[in-house]
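# Coordinate analysis (summary)
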Amino acid sequence: KPIRIGIVGVGKIVRDQHLPALAGNADFELVCAASRNATVDGIANFPTIETMLAAVKDLDAVSLCMPPQYRYDAARKALEAGKHVFMEKPPGATVREVEDLRDLAAAKRLSLFASWHSRYAPAVEAARKFLAATRIKSAAIVWKEDVRRWHPNQDWIWQAGGLGVFDPGINALSIATHILPAMYVTEAALDFPANKDAPVAARIAFRSAEGTPVTMDLDWLQTGPQSWDILADTEAGKMLLSSGGAKLSIDGKLVHEAPEREYPALYERFAEIVRAGRSDVDLAPLRIG
Ligand code: NAP
């Protein structure tokens, strides 16, 4: 029986990724949407999550795609109403609020999924296996993109809790916390524009328990070619995981590249945990960021 799902916060990522991924997955039936200013054709539409939950009685799950500052209240309402919850990244504005949702989901025996789409990029598992089999001498995360090109008119991203350049940066951290040893921050410098509450650039130094140095360079004002790279100098060669996790090269030789299918994979994972009665809430990227 398909999982009957409703989608909340119909904006860029819903149209770019969630709707096509759901349409291609027989485990789900998209039955409704809640959004203040947008609708999805062919299904029941509501202005708020409250009206949607009250009207659609046989709903099994919701997918929360609004900005992170507004996710907690919506997730709580959905869990209180007995629905499984898929959360876009980042799962919230703070670690503690997501821990609270995780505990509520466990108490209610519902599945909560803190999705990290970049972890499902095609070459990430190959990079993880390569690094697990060698010793890492140092690593560098370089995530530089043009905010005007990727986030036009998104005011929330510059407000407190919107994370600023850490909105893309947390994608890098979701990969780094999956493929690199556990690490902690030793230094950080964040650049805030005078009229914004969130940073536009950041330079961070980390150290692993074994002393491996890792640097992270985030910049939202890069025009021209965009950089979404993780580099590692290892005893087995120089690794470059590039294009946001899509391509893996060792010593300049491309060793892994496959078609991108991050969101189809996310919904496959959500169906799997709902069917298994489990949650998947890894807070490592948010905790470190
Ligand atoms: P968006 O288009 O600006 O926002 C999504 C929708 O959320 C808006 O269209 C709006 O719909 C609703 N919303 C905005 N403010 C709200 C509020 N105060 N309360 C309730 N709903 C509100 O942003 P997006 O690019 O889709 O990003 C949404 C999430 O997806 C973010 O967490 C982002 O990190 C993640 N994400 C984005 C991308 C991307 O490429 N853009 C990629 C991966 C993940 P209504 O006004 O109709 O309610």
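Above this note sits the structure.
A quick note: this is a predicted structure, and the numbers were derived from the prediction, not measured.

## Side note on the sheet that holds strand S7 (residues 136-144)
With mixed pairing, the eight strands of this open sheet are ordered in space as S8-S9-S10-S7-S11-S12-S13-S14. Only two strands of the sheet have a single partner each, and these edge strands are strand S8 (183-191) and strand S14 (253-257). Averaged over all pairs of adjacent strands, the angle between strand axes in this sheet comes to 15°, irrespective of strand direction. One ladder, built from six bridges, connects S7 with strand S10 (residues 213-219); its direction is parallel. Paired with valine 142 across the two strands is aspartate 217, which belongs to S10. Running at roughly 160° to strand S12 (residues 237-242), helix H5 (residues 124-132) makes contact with S7, strand S11 (227-234), S12, strand S13 (247-250) and S14 of the sheet. Those strands touched by helix H7 (residues 166-179) are S7, S8, strand S9 (201-208), S10, S11 and S12, and its axis lies near 155° from that of S7.

## Here we look at the site of the ligand
Residues in contact with the ligand amount to 23 residues; listed here are only the nearest, Ser35, Arg36, Asn37, Lys89 and Asp167. The side chain of arginine 36 places a nitrogen or oxygen atom 2.8 Å from an oxygen atom of the ligand. One of the backbone nitrogen or oxygen atoms of lysine 89 is found 2.8 Å away from an oxygen atom of the ligand. Considered on its own, the ligand offers 870 Å² of accessible surface; in the complex 81% of this is hidden by protein. At a threshold of 2 Å from the grid points, most atoms of the ligand map onto the largest pocket. When the residues that make up the shell around the ligand are grouped by side-chain class, the tally is eleven nonpolar, six polar and six charged.

## Looking at the layout of surface pockets
Of the pockets and cavities examined, the largest pocket occupies roughly 1,500 Å³. In terms of lining, the largest pocket is formed by 48 residues, of which the most central are Lys12, Ile13, Cys65, Gln154 and Trp156. At the level of elements, helix H1 (12-23), helix H2 (49-55), helix H3 (71-80), H7 and helix H8 (262-276) are the ones that each hand at least two residues to the lining of the largest pocket. A per-class count over the lining of the largest pocket returns 21 nonpolar, 14 polar and 13 charged. Counted as a void, the second largest pocket has a volume near 170 Å³. In this structure, the second largest pocket is lined by Val147, Arg148, His151, Pro152, Asn153, Gln154, Asp155, Trp158, Lys196, Val200 and Leu221. Looking at the lining of the second largest pocket residue by residue, the classes come out as five nonpolar, three polar and three charged.

## Remarks on unusual backbone geometry
In this chain, lysine 89 is followed by proline 90 through a cis amide linkage whose omega measures -20°. Of note, proline 90 is situated in the loop between strand S5 (84-87) and helix H4 (95-107). For leucine 163, which is not a glycine, the phi torsion comes out positive at approximately 80°. Summarising the element assignment, leucine 163 is placed in the loop between helix H6 (147-150) and H7.

## Looking at the sheet that holds strand S3 (residues 44-46)
Pairing is parallel in the open sheet, where six strands are placed in the order S3-S2-S1-S4-S5-S6. With partners counted over all chains shown, the strands left at the sheet margins are S3 and strand S6 (112-114), one partner each. The average angle at which neighbouring strand axes cross in this sheet is 25°, direction not considered. With three bridges connecting them, strand S2 (residues 28-34) and S3 associate as parallel partners. When the sheet's bridge partners are listed, alanine 33 is paired in S3 with asparagine 45. The strands that H1 touches are strand S1 (3-8), S2, strand S4 (61-64) and S5; relative to S1, the one it contacts most, it runs at about 175°.

What counts as what
Residues numbered from 1 in each chain as written. Predicted model: local features only at pLDDT ≥ 70, side-chain atom pairs only at ≥ 80, totals over all residues. Heavy atoms only, no water. Pairing = 2+ DSSP bridges. Helix = DSSP H or I, 4+ residues; strand = E, 2+ residues; numbered from the N terminus. Axes fitted to C-alpha atoms, helices over the stretch in contact; angles between N-to-C directions. Contact = heavy atoms within 4.5 Å. Near = heavy atom within 4 Å. Polar contact = N/O pair within 3.5 Å; in protein donor to acceptor, adjacent residues only side chain to side chain. Areas by Shrake-Rupley, 256 points an atom, 1.4 Å probe, with all protein chains shown as cover. 1 Å grid on protein atoms, 1.4 Å probe; cavity = no way out; pocket = protein on both sides within 12 Å on 5 of 7 lines; lining within 4 Å. Sits in = over half its atoms within 2 Å of the grid points. Nonpolar A, V, L, I, M, F, W, Y, C, P; charged D, E, K, R; others polar. Points joined across faces, edges and corners; volume = space filled by probe spheres on them.

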